[in-house]
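Structure assessment
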Amino acid sequence: MPTKTKTLLGGLSLIVFAALALGVITHAAWLAQLDAAASTLATRAIDPTNTAIFKVVATLGSPATVIGLTALLCLWLWLKQGPVISLWFAGLQLGGSAITEGFKLLIDRSRPLHQLVLDHGASFPSGHTFCTALLVFTLWTLCLPHIQDQESQLITILIGIGWIAMVAISRVYLRDHYLSDVLASVCLAGGWWLLVTPVQAFIQTKMRQFLPERMLKSWPHQN
């Protein structure tokens, strides 16, 4: 994707995120109606089987689980491709997670009542959805260039979108987040990814300048 297109889409994603955040802060009626409608649909779907499934999905999509998986992925990248690419993806995930927590503290939205799985902290945006989206973006970046068949690429993309959607739906179903929380997280994750990745080459060049030479010499292609 061209850099200008990434910048445009990233900017649009952040504009939508800002609109949702403003709606939360001002207690906008349109946002309350959107969240209420989603909550009503989720309530109608409640049964023991769905609850059990979405509890598992929420656990797999939790920030702790996703950051743990990211750490394992970055360790593998360190061993296979060197520290620069490993630290780059680790920084994307951790930096984005820090931004999400910052917005949680700043906006300080209370979580929905009657949670099916008790969760603490602020509600907006959803850390589960944000971290999951970033991990999916990372896997797409690493895997798609090695998939030659277009149908297989499409299937890979759809699986990723489906998993992000499942995690987002689980948070609304379990009453741990409002619909606007998870939508905002997808927009924030997309904006963060699309605006930061165009400067990947520049940042990685700076990283090579500061990392010890002995750390880089085992990966000559990075020098």
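Counting restarts for each chain, with residues numbered from 1 along the sequence as it is written. Residues qualify for local features only when their pLDDT is at least 70, as the model is predicted, and side-chain atom pairs are given and counted only at 80 or more; totals for whole chains, interfaces and linings, by contrast, use all residues. By convention in this description, side-chain values take in all heavy atoms of the structure and omit both hydrogens and water.

So, the nonpolar core
- In this structure, F89, F124 and F137 are the most contacted members of the largest nonpolar core, which totals 34 residues.
- Numbering of helices and strands runs from the N terminus; a helix is a DSSP stretch of H or I covering at least four residues, while a strand is a stretch of E covering at least two. Elements that contribute at least two residues to this core include exactly helix 1 (3–25), helix 4 (63–81), helix 5 (83–107), helix 6 (127–143) and helix 8 (179–196).
- Counting residues per element, this core draws most heavily on helix 6, at nine residues.
- Non-local contacts of F137, meaning those with residues more than four positions away in its chain, are made with I164, A189, G190 and W193. Put simply, buried Ala, Val, Leu, Ile, Met, Phe, Trp, Tyr and Cys residues joined by side-chain atoms within 4.5 Å make one nonpolar core. Each residue's exposure class comes from its accessible area (1.4 Å probe, protein chains only) as a fraction of the maximum for that residue type: buried when under 20%, exposed when over 50%, partly exposed otherwise. Residues are treated as being in contact if the distance between any of their heavy atoms lies within 4.5 Å.

Things to note about the UniProt feature "transmembrane region" (unreviewed entry) in the protein
- Here, UniProt's "transmembrane region" (unreviewed entry) annotation points to residues 52–78, 85–107, 127–147, 154–174 and 180–203.
- Secondary structure content for residues 154–174 is 95% helix and 0% strand, and the end C-alpha separation is 30 Å.
- Along residues 180–203 the backbone is 88% helical and 0% strand, and the end-to-end C-alpha distance reaches 33 Å. UniProt positions are given in the numbering used here, feature names are shortened, and annotations may be inferred rather than shown by experiment.

Details of the confidence of the model for the protein
- Scored between 0 and 100, pLDDT is the confidence that the predictor attaches to each residue. Per-residue confidence for the protein gives a mean pLDDT of 90; residues scoring 70 or more make up 95%.
- The weakest mean pLDDT in the protein belongs to helix 10 (residues 213–216) at 62; the strongest belongs to helix 8 at 96.

What to know about the UniProt feature "domain: Phosphatidic acid phosphatase type 2/haloperoxidase" (unreviewed entry) in the protein
- According to UniProt, the feature "domain: Phosphatidic acid phosphatase type 2/haloperoxidase" (unreviewed entry) maps to residues 84–197 in the numbering used here.
- Across residues 84–197, the secondary structure splits into 73% helix and 0% strand, with the terminal C-alpha atoms separated by 14 Å.

Brief notes about the environment of V24
- With respect to the helices, strands and loops of the structure, V24 is situated in helix 1.
- Here V24 falls in the buried class, since its relative accessible area comes to 8%.
- Each C-alpha atom of the pair V24 and I107 lies 8.0 Å from the other, and the pair is 83 residues apart in sequence.
- Those residues in contact with V24 that sit more than four places away from it in its chain are L31, I107, R109 and F124.

A look at helix 3 (residues 48–60)
- With 13 residues, helix 3 should reach 18 Å at 1.5 Å per residue; the first-to-last C-alpha distance of 19 Å fits that figure.
- For helix 3, the complete set of buried residues consists of T51, F54, V57 and A58. Taken down its axis, helix 3 places every buried residue within 125° of arc, on the same side. Opposite the buried face of helix 3, by more than 90 degrees, sit the exposed residues P48, T49 and T59.
- In this fold, the buried residues of helix 3 make contact with helix 6 and helix 7 (150–173).
- Contacts described as polar in this section are N or O atom pairs within 3.5 Å, which, within protein, must combine one atom able to donate a hydrogen with one able to accept it, while residues neighboring in sequence count only if both atoms come from side chains. A distance of 3.0 Å separates the backbone nitrogen of T49 from a side-chain oxygen at the start of helix 3, and that oxygen is part of D47. By this rule, a helix spans an expected 1.5 Å times one less than how many residues it contains. Each C-beta atom gives one direction from the helix axis, and the arc is the one those directions make.

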